[in-house]
Amino acid sequence: MGCQNPLFPRVVVVEEIRRETPDVKTFRVVAPDGGELFDYKPGQCAMLSLFPVGEALFSITSSPTRRGFLEFSIKETGMVTRALHEIEAGTKLGLRGPYGNSFPTELLKGKDLLFIGGGIALAPLRSLINYCLDNRDDYGRVDIIYGARSSKDLVQKVELFENWPRVRDTHVHLTVDVKSDDWDGNVGFVPAFLEQLNPSPEGKVTITCGPPIMIKFVLESLARMGYQPENIITTLEMKMKCGVGKCGRCNIGDKYVCKDGPVFSLAELQQMPNEF
Amino acid sequence: MMGQSEKLQKIAAEALEQGQVTMVLGWCKKDFWWQAPVAFITDPASAARLVWDPFTVYNPVKYLLDNHHCHEKIGVFVKGCDSRAVNRLLQDRRLEREKVVLFGVPCDGKTDAAKIKAAFPGRKISAVSRVDEKLLVDTDSGTETLPAAGYLLDKCQTCRHPNPVVYDVLAWEKVEPRPGVDDARFVRVAAVEQKELEERYAYWLRQFDRCLRCFACRNVCAACNCRTCIFDQAEPRWIGKASDLADTLNYQIIRAFHVAGRCFECGECERVCPADIPLQELNRKLIKDINEYFGEYEAGLDPNDKPPLGTYRGEDPAGFDES
Amino acid sequence: MKKIAKTKLVELWRQLASETGLYLPIASDGVVNFARWQEGAEVDLEALNTLLPAKKFFFPQTETVLKYSFSDDLVLEDCAGKAGEALCLFGARPCEVASFSMLDRVFLGEPVDEAYRRRRELTTVIALGCNDPDETCFCGSFDIDPGKAPGADVLATDTGDELVLVAQSAKGEELLSLLNGVLEEATSGDENKVKDAQEKAKAKLPPAPPAGGLMEKLDGMFEDSYWDLLYQRCIACGTCTYICPTCHCFDIQEYPTGSRGERIRCWDSCMYADFTQMAGGHNPRPTQKERVRQRFMHKLNYFPRQHGEYACVGCGRCVRKCPVNLDILEVIKDLGGAV
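S.K.: When you look at helix 5 (residues 188–204) of chain C in this model, what are you seeing that I'm missing?
M.R.: For an α-helix the count is 3.6 residues per turn, leaving residues at separations of three or four pointing the same way. Residue and element names in this part refer to chain C. The first and last C-alpha atoms of helix 5 sit 24 Å apart over 17 residues, in line with the 24 Å expected at 1.5 Å per residue. All buried positions along helix 5 are accounted for by Asp190, Val194, Ala197, Gln198 and Ala201. All buried residues of helix 5 project into a common sector of 95° when viewed along the axis, lining one side. Structural note: helix 5 exposes Ser188, Glu199, Lys200 and Ala203 on the side pointing more than 90 degrees away from its buried face. Of the surrounding elements, those touching the buried residues of helix 5 are strand 1 (2–5), strand 8 (154–158) and strand 9 (162–167). By the N-cap criterion, in which a side-chain oxygen at the helix start approaches the backbone nitrogen of a residue two or three places on, helix 5 is capped by threonine 187, the distance to glycine 189 being 3.2 Å.

Given below as structure tokens:
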């Protein structure tokens, strides 16, 4: 690696774009000449460039167990994401990465897993969920609690409704904030739904990703339910520019989220300054 | 007799003790003789930190924008130039008069530390004090006396309003403007105007080429009080972030024009510029032009006046269609 | 060890400039900055610190990361491999030279920043020892000797009428050998003069507040009320960060024109609100308090925790240039680094 420009991306092609929700699309990118893009682990991120608009960091939502492509679920929030929502399959993008640490897949082995996600933040969880389900024998019972604003805001519906519930000992629990005619499932916020389901902390590790306000209340609920900080794993999001721990803006204390994160256990977060 | 610093301390302590205000903005000393930054005093005991010395030049008024929401009333020490900043904020509807108590400080001009340093090359200075029109400079080889008038900041040499133009109490008696300020006011502008067009352009390019785009000139300026400055917008981005001279000119010209007719000549922009860009020459040029085109006008004297660039009159010159 | 009479320095500049790009502290309209030497340049070797730090030679205020065109196909061109030019940086002060090793830790740490690496290798640094430190100098807080610059390729010392030049690296030896025509051999007398100048400079340095122990002390100070008062007078300009020799935060921006464009990297400042402002609206450092805390914590706690040394060299630029006198010297003094 030594003599390369770490800020220089390679060219990739958008092979497929799936609309997930009114403001989320999933982009599948591949190498122009086929073959693998890079080795990565669940939880890692990559920088996507849309020229001439700019570059932004996204978590990789595909699982490394599915070879030959990368997927990114992207919500329209800023300039780059808005422009990405306007491109069509076949567009060429810049890609660099993978960046950051990853979910501790080895540490999770043999454990029951409780995934708790909200909105677009299913993206990083999905990489790990599919990784675990593709290595099903390595892991115990899997529970997935996932919520969104409304039924139309649930991402990855095929997996949520078709694929995951069919896998052995895998249980999907869905909730929405706002009721609608096409929804006969649970209505309520994720933290309340979590307390209602009240999954026992026994032998369990929980991995939670979502908007800051959801995370705040989920962590409080998990503490009440007796989950230990080292068995609660989450991801952080900060503004990033370089992805390689040099540009200086994504630090929390002496940790760079782009390099030392984005995955942290609650035990680790408790040791860090409260600035996220 | 009570010294000037003690007078300010007394005013501040009493206002805080009596609950008239909950914060006082004045000046305090720091590590070096030439430093006298703004102090934020909230308890009467700390009022003893306040000073009045040759270097209390910093304009405390802009800090009202950050603090007036959290205080019922704030007391502010204002020199003549600072008081015009208050009028600026009042006229721009960024401050309510009843939110502030103005402690007026008639000011006989502040000292330029760079000029003092240049007067004693190779010598260490430990303190500078002022007695009437004399500066007493304590150096490592004795105390020297200098005439205060020769070591004033440029902005003070041309100050027409050394006394606060708006205040609730005065710290001491008013002072007279320095003789000759009206002659001195546009001397630097005239010097730039005299340059041939190409030379003038080269001059400004050279000055602005040093601009770091640190925005200190904007941030310190009480006339730059927009809630969101267009240069802080990410979308659309009006100037790029790269150190590009065209973008720097764009920023500097827009800044100067946005304060045209609103600049009250406190000169803080020029004082804070780390690159020593002579920004007052631009501001003053616009003031001079406004005077010539629309009649004599000074901003920040009356919050209810009609600023020439904010008022249409039938006889206003319409220069564009003549060229 | 070589030497040259100060009256003959123009010959030295001329010779050096014929071999390589030569950059020196040069005054223009009274402001001293490192600039390319040309005949008639107003070289100022008395000025202690230039306005902008010498970091700009390795980490320019703006540089092109890559170029792209997307008319028919997307084509990317990497610019890092062509970054920089062979140059000699003459007159960097010891504090400035000390800052290079801090920047090295960031940009030469994995993954190596190729543009920075090239620029660093293409530059030969001739440091100039300080004879008369300013009252605002506090390099002593970080054990930097005002007369010595161990990280430089050549150390120059002003011994009165002459500059004595000592090569400190192979690169330095090579450079001095190119200058044989204009340099004289120095004597043991000159060596003594150098030592004498170095000792005098050290003695003249104002008493420096100790920085030892500050990192540990700051470990527990993130939530301290100290920051509530400190930040009040900050006007949120970027001066301290831009003139700081160790500040290295950057932004990446697009400069498109038609169907092509450039991606640039430029200095950024943690003092600005948009530094951490996220697209969705959240800002983890919502007020100036968090931004001021970040700057000092980065220099005195985070950076030493990451890299083992404080990210400050005591050059005093922020002390002299902060419009409101809010500087790191104040923080070091306030928190009283105890050994």
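S.K.: Please explain the pairing of strand 4 (residues 54–59) of chain A as it appears in this structure.
M.R.: Successive residues of a regular strand alternate their side chains across the two faces of the sheet. Residues and elements named next belong to chain A. Of all six residues making up strand 4, five are buried, and the element is well covered by its neighbours. For strand 3 (residues 45–50) and strand 4, the ladder comprises six bridges, and the chain directions are antiparallel. Residue pairing for strand 4: leucine 50 is matched across the bridge by glycine 54. Counting the residues that bridge the hairpin from strand 3 to strand 4 gives three residues.

S.K.: Before we go on, may I ask you to explain the interface of chain C and chain A in this structure?
M.R.: You'll often see interface size given as the accessible area lost when the parts meet. Opposite the 49 residues of chain C that make contact, chain A presents 40 residues. At the boundary of chain C with chain A, total buried surface from both sides reaches about 3800 Å², with 59% on carbon and sulfur atoms. Among the ionic pairs, glutamate 275 of chain A bridges to arginine 293 of chain C, the shortest N-O distance being 3.5 Å. Inspection of the chain C/chain A interface yields 19 residue pairs in polar contact (both at pLDDT 80 or more). Where the side of chain C that touches chain A is concerned, the elements lending two or more residues are strand 4 (62–69), strand 5 (75–78), helix 2 (94–107), helix 3 (114–122), strand 11 (250–257), strand 12 (260–267) and helix 9 (288–307) of chain C. Of all the elements, helix 9 of chain C adds the most residues to the side of chain C that touches chain A, at seven residues. In terms of residue class, the side of chain C that touches chain A is made up of 21 nonpolar, ten polar and 18 charged.

S.K.: Looking at this model, I keep getting lost on the pattern of salt bridges. Mind explaining?
M.R.: Any two side chains of opposite charge can pair, on the condition that their charged atoms come close. What the rule picks out here adds up to 84 salt bridges over all chains. Note that aspartate 82 of chain B and lysine 79 of chain B form a salt bridge whose closest N and O atoms lie 2.8 Å from each other. When sorted by exposure, aspartate 82 of chain B lands in the same class as lysine 79 of chain B, which is buried. Put simply, arginine 317 of chain C and glutamate 96 of chain C hold a salt bridge, and the shortest N to O gap is 2.9 Å. Note that arginine 317 of chain C is positioned in helix 10 (residues 317–321) and glutamate 96 of chain C in helix 2, a separation of 221 residues in sequence. Across the pair, glutamate 96 of chain C and arginine 317 of chain C agree in class, each one buried. Put simply, Glu16, Arg18, Glu20, Arg28, Glu71, Arg126 and Glu159 of chain A are held in one network by salt bridges that share partners.

S.K.: Please clarify how the pairing of strand 1 of chain C should be interpreted in this entry.
M.R.: Residues and elements named next belong to chain C. Alternating positions in strand 1 separate into two faces, Lys2 and Ile4 on one and Lys3 and Ala5 on the other, with burial throughout. Pairing of strand 1 with strand 10 (residues 184–185) involves two bridges; the strand directions are antiparallel. Its bridge partner being in strand 10, lysine 2 is matched across the sheet by glutamate 185. Sheet topology note: the strand 1/strand 9 ladder contains four bridges and is antiparallel. The residue of strand 9 that forms the bridge with lysine 3 is valine 164.

S.K.: Would you mind showing me how to read the packing of helix 8 (residues 197–209) of chain B against helix 12 (residues 279–294) of chain B here?
M.R.: Between two packed helices, what matters for the description is the angle formed by their axes and the separation of those axes. Residues and elements named next belong to chain B. Their axes nearest at 11 Å, the elements helix 8 and helix 12 cross at an angle of 130°. Our classification of the angle between helix 8 and helix 12 gives oblique. Together, Tyr203, Trp204 and Phe208 of helix 8 and Leu279, Glu281 and Leu282 of helix 12 make up the contact between the two elements. When its residues are assigned to classes, the contact of helix 8 with helix 12 shows five nonpolar, no polar and one charged.

S.K.: Mind showing me how you'd approach the domain arrangement of chain B here?
M.R.: Residues and elements named next belong to chain B. Split into domains, chain B comes out as domain 1 (4–107 + 163–170), domain 2 (114–147) and domain 3 (186–306). Counting residues at the interface gives four residues for domain 1 and nine residues for domain 2. Buried area between domain 1 and domain 2, summed over both chains or domains, comes out near 490 Å², and the portion from carbon and sulfur atoms is 78%. If you sort the residues of domain 1 by the area they bury against domain 2, Trp33, Pro54 and Phe55 come out on top, with a joint share of 89%. On the surface where domain 1 and domain 2 come into contact, there are zero salt bridges.

S.K.: Looking at this structure, I do not really get the sheet that holds strand 10 (residues 186–187) of chain A. What am I missing?
M.R.: In any sheet, the strands associate via hydrogen bonds between backbone groups, in a parallel or an antiparallel arrangement. Residues and elements named next belong to chain A. The strand order 10-9-8-7-11-12-15 describes an open sheet built from seven strands, whose pairing is mixed. Edge positions in the sheet fall to strand 10 and strand 15 (263–265), since each of these pairs with one other strand and no more. As judged from the six bridges shared by strand 7 (residues 112–118) and strand 8 (residues 142–148), these two strands associate in the parallel manner. Note on strand 8: the bridge partner recorded for glycine 118 is glycine 147. In the packing of helix 4 (residues 157–166) onto the sheet, contacts are made with strand 8 and strand 9 (170–176), and the angle to strand 9 comes to roughly 155°.

S.K.: Looking at this structure, I do not really get the packing of aromatic side chains. What am I missing?
M.R.: Remark: the centre distance and the inter-plane angle together describe each pair of aromatic rings, the angle taken between the planes. Overall, the coordinates contain 31 aromatic pairs over all chains when judged by the stated rule. On the basis of an interplanar angle of 70° and a centroid distance of 6.4 Å, the ring pair of tyrosine 293 of chain B and phenylalanine 294 of chain B is categorised as edge-to-face. Between the aromatic rings of phenylalanine 59 of chain C and phenylalanine 250 of chain C, the centroid separation amounts to 6.2 Å while the plane-to-plane angle is 65°, which identifies the pairing as edge-to-face. Note that phenylalanine 59 of chain C is positioned in the loop between strand 3 (31–36) and strand 4 and phenylalanine 250 of chain C in strand 11, a separation of 191 residues in sequence. Both residues of the pair, phenylalanine 59 of chain C and phenylalanine 250 of chain C, belong to the buried class. Through pairs of rings, three or more aromatic residues link up here, namely Phe215, Phe231 and Tyr251 of chain B together with Phe58, Phe59, Phe100, Phe107, Tyr116, Tyr242, Phe250, Trp267 and Tyr272 of chain C. Above the ring of phenylalanine 222 of chain C, the side-chain terminus of arginine 293 of chain C is found at 3.6 Å from the ring centroid. Above the plane of the ring of phenylalanine 32 of chain B lies lysine 333 of chain C, whose end atom (NZ or CZ) is 5.8 Å from the centre.

Reading the values: the criteria
Residues numbered from 1 in each chain as written. Chains lettered and ligands numbered in written order. Predicted model: local features only at pLDDT ≥ 70, side-chain atom pairs only at ≥ 80, totals over all residues. Heavy atoms only, no water. Helix = DSSP H or I, 4+ residues; strand = E, 2+ residues; numbered from the N terminus. Expected span 1.5 Å × (residues − 1). Buried < 20%, exposed > 50% of the residue type's maximum accessible area, 1.4 Å probe, protein only. Arc of directions from axis to C-beta. Contact = heavy atoms within 4.5 Å. Polar contact = N/O pair within 3.5 Å; in protein donor to acceptor, adjacent residues only side chain to side chain. Pairing = 2+ DSSP bridges. Buried area = accessible area lost by both parts, 1.4 Å probe. Salt bridge = Lys/Arg side-chain N within 4 Å of Asp/Glu carboxyl O. Nonpolar A, V, L, I, M, F, W, Y, C, P; charged D, E, K, R; others polar. Axes fitted to C-alpha atoms, helices over the stretch in contact; angles between N-to-C directions. Parallel < 35°, antiparallel > 145°, perpendicular 65-115°, else oblique. Domains from an automatic or database assignment. Phe/Tyr/Trp six-rings, centres within 6.5 Å; stacked < 30°, edge-to-face > 60°. Lys NZ or Arg CZ within 6 Å of the ring centre and 35° of its normal.

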